[in-house]
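One letter stands for each residue in the lines below.
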Amino acid sequence: APDKESLADSYFAIADLYWQEGKEKTAATYYRKILSLGRYAGAEYALGVLAQDGGDDVAAVEYFEEAIKIDPDYESACYELALLSDRMGYKDRALELFERCTQLVPDNGVVYSDIASIYEERKEYKKALALAKKAVALSPAYSIGYYNLGVIYQKTFKNQEALAAYEEALALDENYAPTYLNMSAIYLRMKEPEKAIAILSRGIDKHLNSVNLYYNRSCSHVRLGEKDEALKDLKRAIAMNPHAKLWASRDVDLKEIVREVED
């Protein structure tokens, strides 16, 4: 390499190859070599992703922050830091970063969906709904966008709109268990336990390995007076997660039949 820039490019190529081979520690070593040559936002970002993948969120935040200091228009770093901030409970910081992402890439519906989720958590449903609608309009192939839209409709008791949004989500991704669970909750709210059983069964048939699908189907069977079926599903749930027995002992629907489950 005739100069530092060429050497940095070579280190980037080597680091990326090691990362592709699953040798993250070696990759990180080369990204650090790049930083010994100067300030490179790409190396800071890569180290942030590696730290996050390794469970070190604090270090990841520091790397992403540094990447943004070097390059304020680094959209990927802004987005990853926004997600981390959201998960760590720093909602205002997350919103600030998500908004920055919308300025850098205005047509990314995924970001608008993330923003909508924060406003939904804050019970600012009108604002959340507008953002969620914009999200699915911009990114109609993003299943979580429709899921988040369904959550907002569900929280505002717009049952049919919520069910329609969840069906859109399932059309894009049939393997997301929370969608089935939320739909079943709506059907139970509407006093239609047979439909709750049907949608939960759709999820169970996908072999999603979700204790909640069996647990909620057990509750639905109880609502219909189908004690034997309820007990079968409860036993399946407990086999998957022993804590389900404790949940059932505190559950109005299941506290009677859980007594028949042997220790």
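These lines cover the structure that appears in this document, whether it is placed above or below.

The rules behind these values
Residues numbered from 1 in each chain as written. Predicted model: local features only at pLDDT ≥ 70, side-chain atom pairs only at ≥ 80, totals over all residues. Heavy atoms only, no water. Helix = DSSP H or I, 4+ residues; strand = E, 2+ residues; numbered from the N terminus. Rg over C-alpha atoms; globule rule 2.2 N^0.38 Å. Areas by Shrake-Rupley, 256 points an atom, 1.4 Å probe, with all protein chains shown as cover. Lys, Arg positive; Asp, Glu negative; His and termini not counted. Charge placed at Lys NZ, Arg CZ, Asp CG, Glu CD. Salt bridge = Lys/Arg side-chain N within 4 Å of Asp/Glu carboxyl O. Buried < 20%, exposed > 50% of the residue type's maximum accessible area, 1.4 Å probe, protein only. Contact = heavy atoms within 4.5 Å. Phe/Tyr/Trp six-rings, centres within 6.5 Å; stacked < 30°, edge-to-face > 60°. Lys NZ or Arg CZ within 6 Å of the ring centre and 35° of its normal. Core = buried A, V, L, I, M, F, W, Y, C linked by side-chain atoms within 4.5 Å. Expected span 1.5 Å × (residues − 1). Axes fitted to C-alpha atoms, helices over the stretch in contact; angles between N-to-C directions. Parallel < 35°, antiparallel > 145°, perpendicular 65-115°, else oblique. Left-handed = near helix turned anticlockwise from the far one by under 90°. Nonpolar A, V, L, I, M, F, W, Y, C, P; charged D, E, K, R; others polar.

Before going further, it helps to examine the overall build of the protein chain. Each helix and strand in the protein chain was counted, giving 15 helices and 0 strands. Relative to the globule expectation of 18 Å for 263 residues, the C-alpha radius of gyration of the protein chain, 23 Å, shows a markedly less compact shape. Taking the principal axes of the C-alpha coordinates as reference, the protein chain spans close to 80 × 45 × 30 Å. If you sum the accessible surface of the protein chain, you get close to 13800 Å²; carbon and sulfur atoms cover 50% of it. Charged side chains in the protein chain number 34 positive and 44 negative. The centres of these two groups are separated by 6 Å.

Next up on the list: the pattern of salt bridges. Oppositely charged side chains may form a pair once their charged atoms are brought near each other. Inspection of every chain in the model, using the stated rule, returns 20 salt bridges. A salt bridge links Asp73 to Arg100; its shortest N-O distance comes to 2.4 Å. Highlighted residues: Asp73 in the loop between α4 (57-70) and α5 (75-87) and Arg100 in helix α6 (residues 91-104), separated in sequence by 27 residues. A relative accessible area of 47% means that Asp73 is categorised as partly exposed. Note on Arg100: relative accessible area 27%, which makes it partly exposed. Ionic contacts of the salt-bridge type, sharing partners, join the residues Glu65, Arg93 and Glu96 into one network.

Take the environment of Val110 next. In this structure, Val110 sits in helix α7 (residues 109-121). Accessibility expressed as a relative area gives 19% for Val110, which makes it buried. In this structure the C-alpha to C-alpha distance between Val110 and Glu44, which are 66 residues apart in sequence, comes to 24 Å. Ignoring sequence-local partners within four residues, the contact set of Val110 consists of Tyr79, Ser139 and Tyr142.

We now examine the side chain of Asp233. Relative to the elements of secondary structure, Asp233 occurs in helix α14 (residues 227-240). A relative accessible area of 1% places Asp233 in the buried class. When neighbours within four sequence positions are excluded, Asp233 is seen to be in contact with Tyr214, Arg217, Ser218 and His221.

Another aspect to go through is the packing of aromatic side chains. Per the stated rule, a full pass over the model turns up 11 aromatic pairs. Arranged with centres 5.1 Å apart and planes meeting at 85 degrees, the rings of Tyr147 and Tyr176 form a pair that is edge-to-face. In this pair, Tyr147 sits in helix α9 (residues 143-155) while Tyr176 sits in the loop between α10 (159-172) and α11 (177-189), placing the two residues 29 residues apart along the sequence. Relative accessible area serves as the criterion here: at 13%, Tyr147 is assigned to the buried category. An aromatic cluster is defined as three or more aromatic residues linked by ring pairs; in this entry it consists of Phe12, Trp19, Tyr31 and Tyr40. One cation-aromatic arrangement involves Lys33 over Tyr30; the distance from NZ or CZ to the ring centre is 4.5 Å.

With that settled, the discussion passes to the nonpolar core. Within the largest apolar cluster, 74 residues are counted, with the highest numbers of intra-cluster contacts made by Phe98, Tyr215 and Leu234. Listed in part, the 14 residues of the second largest apolar core include Ala27, Ala28, Ile34 and Leu47.

For an α-helix the count is 3.6 residues per turn, leaving residues at separations of three or four pointing the same way. Between the first and last C-alpha of α6 there are 20 Å, a value that for 14 residues agrees with the 20 Å anticipated at 1.5 Å per step. Inspection of α6 places Ala94, Leu95, Leu97, Phe98, Cys101 and Thr102 among the buried residues, and these make up the whole buried set. Elements that come into contact with the buried residues of α6 comprise α4, α5 and α7.

This next bit is on the packing of α5 against α7. Here α5 crosses α7 at 20 degrees, and the two axes come no closer than 12 Å. Between α5 and α7, the interaxial angle falls into the category roughly parallel. As for the relative orientation of α5 and α7, their crossing is left-handed in sense. Taking contact as the criterion, the partners of Glu75, Tyr79, Leu83 and Asp86 in α5 are, on α7, Val110, Val111, Asp114 and Ile118. Looking at the contact of α5 with α7 residue by residue, the classes come out as 5 nonpolar, no polar and 3 charged.

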